[in-house]
Amino acid sequence: AQTVTQSQPEMSVQEAETVTLSCTYDTSESDYYLFWYKQPPSRQMILVIRQEAYKQQNATENRFSVNFQKAAKSFSLKISDSQLGDAAMYFCAYRAYNYGQNFVFGPGTRLSVLP
Amino acid sequence: DVKVTQSSRYLVKRTGEKVFLECVQDMDHENMFWYRQDPGLGLRLIYFSYDVKMKEKGDIPEGYSVSREKKERFSLILESASTNQTSMYLCASSLPTGGLGTYNEQFFGPGTRLTVL
């Protein structure tokens with residue numbers, strides 16, 4: 001069974017600085033998708049960024065980028081120029097291409113942004 | 001914008017009560033999901049549905065059931081609530097799996113924080 005690990009339960013970053021959240025996963029599949037979701041306090045979970053395993057180029061969305069290392073099964077999220085609104089729980093998620101819609105989520109990393 | 005709504009943000013129930021959690025999505029998504037979110041455990045899948053009147057067990061279905069009578073609505077039922085079902089419950093929806101390049105990410109509701117006393 002696939003598993004997703006986020007080894008940092010909590011992290012903090014100074015406003016305007018850069019922070020990297022770690023995610024590793026275990027799978028025997030070659031085709032799959034990876035996601036980072038953000039859950040602000042008392043607010044809805046939203047998609048931050050996504051990556052297809054067969055694409056070598058790392059995904060980027062404005063201040064958010066990923067470092068996808070397929071061989072190492074690593075999918076870290078980098079947040080540049082951190083803002084107070086980035087404070088949230090961040091979940092890494094995996095979905096196998098050929099097994100329907102079931103996501104596997106990591107335990108989450110709580111990010112605090114210090115003014 | 002995709003909208004997934006849940007009937008209550010906060011709910012307090014007594015042990016043994018029957019509890020209904022409702023979820024509605026407005027984007028004509030075929031797939032709907034119920035998760036339970038607990039600290040340190042992430043999101044765990046309770047049940048999912050690929051179509052009306054269809055349901056599949058997820059990883060932790062014990063103590064729960066679901067109903068999907070209409071495409072846009074997916075209900076989670078706790079037949080006899082217990083204190084260990086105190087948790088945050090998240091509903092999500094998505095399009096069906098497509099080919100490579102179709103991410104079909106899940107869209108989430110705001111969650112229902114259920115407390116069972």
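Summarised in this report is the structure supplied together with it.

**Observations concerning the overall build of chain B**
Here comes step 1: Counting its secondary structure elements, chain B contains zero helices and 11 strands.
Here comes step 2: If you list the helices and strands of chain B from N to C, you get β-β-β-β-β-β-β-β-β-β-β.
Here comes step 3: Whereas a compact globule of 117 residues would reach a radius of gyration of roughly 13 Å, chain B reaches 14 Å, a difference of no more than 12%.
Here comes step 4: A principal-axis box enclosing the C-alpha atoms of chain B has dimensions of 45 × 30 × 25 Å.
Here comes step 5: Counting across all 117 residues of chain B, residues that qualify as buried make up 49%.
Here comes step 6: In chain B, the proportion of contacts linking residues at least 24 apart, taken out of those at least 6 apart, comes to 57%.
Here comes step 7: Counting every atom, chain B has about 5,600 Å² of accessible surface; 51% of that belongs to carbon and sulfur.
Here comes step 8: Between the averaged position of the 15 positive side-chain charges in chain B and that of its 15 negative side-chain charges there is a distance of 7 Å.

**Details of the side chain of Thr27(A)**
Residue and element names in this part refer to chain A.
Here comes step 1: On the secondary structure map, Thr27 appears in the loop between β4 (24-26) and β5 (32-39).
Here comes step 2: Residue classification places Thr27 among the buried positions, given a relative accessible area of 5%.
Here comes step 3: A polar side-chain atom of Thr27 sits 3.0 Å from the main-chain amide nitrogen of Glu29.
Here comes step 4: If we skip the residues at most four places from it in the chain, Thr27 touches Gln2, Tyr32, Lys73 and Tyr94.

**Digging into the environment of Glu61(A)**
Residues and elements named next belong to chain A.
Here comes step 1: Note on placement: Glu61 falls in strand β7 (residues 60-61).
Here comes step 2: Sequence separation between Glu61 and Val48 is 13 residues, and the spatial gap between their C-alpha atoms is 7.7 Å.
Here comes step 3: Leave out the neighbours within four places in its chain, and Glu61 touches Val48 and Ile49.

**Structural notes on the state of the cysteines**
All names here are of chain B.
Here comes step 1: Applying the stated criterion across every chain yields a total of two disulfides over all chains.
Here comes step 2: Paired through a disulfide, Cys23 and Cys91 show a sulfur-sulfur distance of 1.8 Å. Between Cys23 and Cys91 the sulfur-sulfur dihedral comes to about -75°; the bridge is accordingly left-handed. Of the two residues, Cys23 is situated in strand β3 (residues 19-25) and Cys91 in strand β9 (residues 87-94); the sequence distance between them amounts to 68 residues.
Here comes step 3: Judged by its relative accessible area of 0%, Cys23 falls in the buried class.
Here comes step 4: Judged by relative accessible area, Cys91 falls into the buried class, the value being 0%.

What counts as what
For every chain, the first residue of the written sequence is number 1, and numbering continues from 1 onward in sequence order. Chains and ligands are labelled sequentially in the order written, the chains with letters from A and the ligands with numbers from 1. Thresholds applied to this predicted model are a pLDDT of at least 70 for local features of residues and 80 or more for the giving and counting of side-chain atom pairs; totals over whole chains, interfaces and linings are not thresholded and use all residues. Excluding hydrogens and water, the side-chain figures rest on all heavy atoms present in the structure. Think of it this way: any DSSP run of H or I at least four residues long counts as a helix, any run of E at least two long counts as a strand, and we number them from the N terminus. Here the radius of gyration uses the C-alpha set of atoms, whereas the globule reference equals 2.2 Å times the residue count to the power 0.38. Only protein chains enter the area calculation, which uses a 1.4 Å probe; residues under 20% of their type maximum are buried, those over 50% are exposed, and those in between are partly exposed. Contacts between residues were defined by any pair of non-hydrogen atoms, one from each residue, lying within 4.5 Å. For the accessible areas, the method is Shrake-Rupley and the probe is 1.4 Å, while residue cover comes only from the protein chains on display. For this count, His and the chain ends are skipped, Lys and Arg are scored as positive, and Asp and Glu as negative. A charged residue contributes its charge at one atom only: NZ of Lys, CZ of Arg, CG of Asp or CD of Glu. In protein, a polar contact requires one atom able to donate a hydrogen and another able to accept it; more generally it is a pair of N or O atoms within 3.5 Å, and residues adjacent in sequence count only if both atoms are side-chain atoms. Throughout, disulfides are identified as pairs of cysteine sulfur atoms within 2.5 Å of each other.

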